[in-house]
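Structural characterization, general
Spelled out, the chains give:
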Amino acid sequence: MEPVIEPVKISDSEWEVMRVVWTKGKTDAKTINEALSRSKGWKLATIKTLLGRLVKKDILATDQIGKKYIYSPKVSEEQTVLSATENLFSHICAKKIGTTIADLVEEAILSKEDIATIQEALIKKQPVETVVCNCLPGQCHCKEHQQMEVS
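Residues numbered from 1 in each chain as written. Predicted model: local features only at pLDDT ≥ 70, side-chain atom pairs only at ≥ 80, totals over all residues. Heavy atoms only, no water.

Further remarks concern a nonpolar patch on the surface. There is a patch of nonpolar side chains on the surface, built from I101, V105, L110, I115, I118 and L122 and spanning about 450 Å² of accessible area. Sorting the residues of the nonpolar patch by element identifies α5 (97-107) and α6 (112-124) as the ones contributing at least two each. Per-element tally for the nonpolar patch: the top contributor is α6, with three residues. Here I115 is to be found in helix α6. (Patch = residues over 30% accessible without salt bridge, like charges linked within 9 Å, V, L, I, M, F, W, Y side chains within 5 Å. Areas by Shrake-Rupley, 256 points an atom, 1.4 Å probe, with all protein chains shown as cover. Salt bridge = Lys/Arg side-chain N within 4 Å of Asp/Glu carboxyl O. Helix = DSSP H or I, 4+ residues; strand = E, 2+ residues; numbered from the N terminus.)

Let us now look at the pattern of salt bridges. A complete count under the given rule lists four salt bridges for this structure. In this structure, K68 engages D28 in a salt bridge whose closest nitrogen and oxygen atoms are separated by 3.1 Å. With K68 in strand β2 (residues 68-73) and D28 in the loop between α1 (12-24) and α2 (29-40), this pair connects stretches of sequence that are 40 residues apart. Note that D58 is salt-bridged to K74, the shortest N-O span being 2.4 Å. Of the two residues, D58 sits in the loop between α3 (44-56) and β1 (60-65) while K74 sits in the loop between β2 and α4 (77-90), which places them 16 residues apart along the sequence. Among the residues examined, D58 registers a relative accessible area of 45% and is labelled partly exposed. Residue K74 is classed as partly exposed on the basis of its relative accessible area, which comes to 45%. (Buried < 20%, exposed > 50% of the residue type's maximum accessible area, 1.4 Å probe, protein only.)

Once that is clear, we can look at the packing of aromatic side chains. Under the counting rule described, the total for this entry stands at one aromatic pair. Between the aromatic rings of W15 and W22, the centroid separation amounts to 6.0 Å while the plane-to-plane angle is 80°, which identifies the pairing as edge-to-face. For W15, a relative accessible area of 23% gives the class partly exposed. In this structure W22 comes out as buried when scored by relative accessible area, which is 15%. (Phe/Tyr/Trp six-rings, centres within 6.5 Å; stacked < 30°, edge-to-face > 60°.)

In structure tokens form, the structure reads like this:
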């Protein structure tokens, strides 16, 4: 049995910090600040606040070297992306996931290799006969809920 992996939930700002940490592997607050201060306009105090939240969420590890803290990821970028995807799909009707994926593909800037990867995944994907709605009555207007409303 595979271990249960807890969902990784981070804010957009925390995600920006993690992108730097994933890139660097191990880094300090000053290096993260240098990477983000121009594009985000954040001060070092903001970076330290975000780092503290990520440590508290058990997403970052810290090692103290003298007065400096070195941060390293405890979760991979791939694991975090997968968790974000699962979180997105858990918030929409199961019957709309295919359309949502198509919308994402339509909006994304994709290379030939990206498109080939997506096409390969679709070829391998085994379809189900029917996707069952997972919404609460009144939340959507699919056939299952229309029948419940009539009854």
